[in-house]
Amino acid sequence: MTASRFARAAGLLLALTLTAFFSLHMGDAHAAGIGDFLRVNMAPVMFAALVLFLLLGYPVAFALAANGLLFALVGIELGMFQENFLQALPERIYGTMNNDVLLAIPFFTFMGLVLERSGMAEDLLDTIGQLFGPIRGGLAYAVIFVGALLAATTGVVAASVISMGLISLPIMLRYGYDRRLASGVIAASGTLAQIIPPSLVLIVLADQLGRSVGDMYEGAFIPGLVLAGLYAGYVFLVTIVYPKRAPGLPPEAQTLRDTDGKTRRLSLLVVTILSFCIAYAYMKLYTKVGAGADFVVLTMSIMVGVSLVIALINKVLGLKLLSRMTEQVIFVMVPPLALIFLVLGTIFIGVATPTEGGAMGAAGAILLAFSKRRLSFELLKQATESTAKLSAFVLFILVGARVFSLTFYGVNGHIWVEHLLVGLPGGATGFLIVVNVMVFLLAFFLDFFELAFIVVPLLGPAAEKLGIDLIWFGVILGVNMQTSFMHPPFGFALFFLRSVAPKHRYKDKVTGLQMEPVTTGQIYWGAVPFVVIQCIMVALVIIFPKMVMHYKASAIQLDQKSIDKQFDSIQIPGLGGSGGMPGLDLNAPPTLNFK
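This structure is a prediction, so every number in the text was calculated from the model and none was measured.

Visitor: Help me understand the overall build of the protein chain, please; the structure alone is not making it clear to me.
Guide: Looking only at helices and strands, one finds 25 helices and 2 strands in the protein chain. By residue count, 47% of the 595 residues in the protein chain fall in the buried class. Residue pairs at least 24 apart in sequence account for 76% of intrachain contacts in the protein chain once pairs closer than 6 positions are excluded. Per element, the accessible surface of the protein chain, about 28700 Å² overall, is 67% carbon and sulfur.

Visitor: In this structure, what is going on with unusual backbone geometry? I would like to understand it.
Guide: Most peptide bonds take the trans configuration, and most residues that are not glycine carry a negative phi. Of note, the phi angle at K320 is positive, near 60°, even though the residue is not glycine. By relative accessible area, which is 75% here, K320 ends up exposed.

Visitor: I keep staring at the packing of aromatic side chains and nothing clicks. Help me out?
Guide: Describing an aromatic ring pair means giving the distance of the ring centres and the angle of the ring planes. Enumeration over the complete set of coordinates arrives at 9 aromatic pairs. Taken together, a centroid distance of 6.2 Å and an interplanar angle of 65° make the contact between F132 and F145 edge-to-face. Linking F132 in helix α6 (residues 120-132) with F145 in helix α7 (residues 138-153), this pair joins segments that are 13 residues apart in sequence. Judged by relative accessible area, which is 27%, F132 ranks as partly exposed. Seen from their ring centres, Y282 and Y286 are 5.3 Å apart, and the 35° between their planes marks the pair as tilted. Taken as a pair, Y282 and Y286 lie in helix α12 (residues 266-286) at a separation of 4 residues, close to a single helical turn. Given the relative accessible area of 42%, Y282 is considered partly exposed. Among the aromatic side chains, those forming a connected cluster through ring pairs are Y231, Y234 and F530. Seen from the ring of Y242, R245 lies directly overhead, with NZ or CZ sitting 4.0 Å from the centre.

Visitor: Mind showing me how you'd approach helix α20 (residues 456-465) here?
Guide: Three or four residues apart is the spacing at which side chains of an α-helix point the same way, because the helix has 3.6 residues per turn. The element α20 is largely enclosed, with a buried count of 7 among its 10 residues. V456, P457, L458, L459, G460, A462 and A463 are the residues of α20 that are buried. Downstream of α20 by a residue or two, G467 has a phi angle that is positive, lying close to 80°.

Visitor: Please clarify how the pattern of salt bridges should be interpreted in this entry.
Guide: Once their charged atoms are close, side chains differing in charge can pair, the charge on each being opposite to the other. Counted according to the given criterion, the structure contains 3 salt bridges. Residue E464 pairs with R211 through a salt bridge whose shortest N-O separation is 3.1 Å. Residue E464 is located in helix α20, and its partner R211 is located in the loop between α10 (200-209) and α11 (213-241); the two are separated by 253 residues in the primary sequence. A relative accessible area of 46% places E464 in the partly exposed class. Using a relative accessible area of 34% as the deciding quantity, one classes R211 as partly exposed. The closest approach of N and O atoms between R505 and E516, which form a salt bridge, is 2.2 Å.

Visitor: Hey, could you run me through the environment of L131 in this one?
Guide: You can see L131 is positioned in helix α6. Given a relative accessible area of 15%, L131 falls into the buried group. In this structure L131 touches R265, L268, M325 and V329, once residues within four positions along its chain are discounted.

Conventions and cut-offs
- Residues numbered from 1 in each chain as written.
- Predicted model: local features only at pLDDT ≥ 70, side-chain atom pairs only at ≥ 80, totals over all residues.
- Heavy atoms only, no water.
- Helix = DSSP H or I, 4+ residues; strand = E, 2+ residues; numbered from the N terminus.
- Buried < 20%, exposed > 50% of the residue type's maximum accessible area, 1.4 Å probe, protein only.
- Contact = heavy atoms within 4.5 Å.
- Areas by Shrake-Rupley, 256 points an atom, 1.4 Å probe, with all protein chains shown as cover.
- Phe/Tyr/Trp six-rings, centres within 6.5 Å; stacked < 30°, edge-to-face > 60°.
- Lys NZ or Arg CZ within 6 Å of the ring centre and 35° of its normal.
- Salt bridge = Lys/Arg side-chain N within 4 Å of Asp/Glu carboxyl O.

Honestly, that's just the spatial picture; any functional story needs more than this.
And the structure:
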């Protein structure tokens, strides 16, 4: 099958090349017409050929590179493309391989896979499920909460969706959750890994737009949390309108109880409020960080540390001030939260670059797995192999994109795209609407890496020319690209969930009852409301840009008046002032003396 596809691809490319060359060398009016048409429309024809190859299902990296080389040859024949441009190709490829920013991708991928395989997701889902379980929709809230935590630790959609699908879906089905709601919540919560830092998509977007990964992380932090909140809001509406679709856990399923049978969740609320007050007071009194995502991350870091100290004192001294559930929640949540804040906190305050933060995260994940006695050679082998495959996949697409963009820019394709988009009615608003609709439609057929490497480099210059902040633009695209994982029929999150959801009738391990399978249609229909929520989130980021633009608050602000004062106070020896040349006035207008 694969061999025949490559044979068809090679045959199609050969036919296109021969057709182009014979047409250009025929010498009659027909050939001249084809040549004139290609000279005027080389860029749109090249882009259309790429879309054709992608729709035919050929590998993206090879379709990009083949199109670039084919149209480079045609452009040389037409006199539109300088063959010297191809000499820059090796340097562009080596430049991609030497890009330090892209090193963050294997680091964060490895960190996420080690944490996922060390059982962290299972511990989190079990504990948070017990915490929220008794209320209606509690398991769904737990999945969203854990999905956000996994997003901030793994950054990989596949790991999040598969973990939660294996662990939480059987429990949700066991206690009567609607199959569409359960499937949609799990798939959507897994896609939070695309927008909540440290996201792989944000790294690629920052690289393609030529902006700082740290700024992109900081700008995406609040929209990611707001999106998780919208998911929880949808679950709340479902529990109000259709309470039977998301029931609470029965009393016998609540195992985290004290010896007298009570859960005492109030002690957890007291610890949370006390930790928050201490952290907030410390940030206000002893630091100069006043707002933004860095304030939130650092405050939460101190909260985690304070709550851990309280839990350890209670356990070591046997004070019995905290309930069993409170201790369990703290001890299970602190390690991943500490790792999150170690990585994001150092990036946000400028101590570490994203690449260095990723390296610390990978080392921290290994230490956490070792501390839980779950670190093994097999775990490291699987995580390393998966990381190598994903990194090679990204690098191949990026190399193909470099070949394509070299030819596309050589035939002034970027100017064609810029004129096409800048001239849209409505200015920047019209541009954003058209671009988001286009990306949403392309996401039906392309995944986020393909969109980021093919489309984003063409959109960035046009956005910058319209005065759009590229960090804000990148976050908008990042939220939009989440839909590529969710909307049928090609959403990868739906495929991941389908691979672990029960396909046939099965016997539940706990109740012993025969359970119905989860159909593909139920998974698809369950995803639709969350795709709508993601589209609403895109609109909210456009309407309320301050959700992203707060990243500028932590930037270094230069006082122009102070700079001017410092320059005015500078005295150059020999040119005035003390020790200056007598009779030389630097402020006097120049005079010309021709004597």
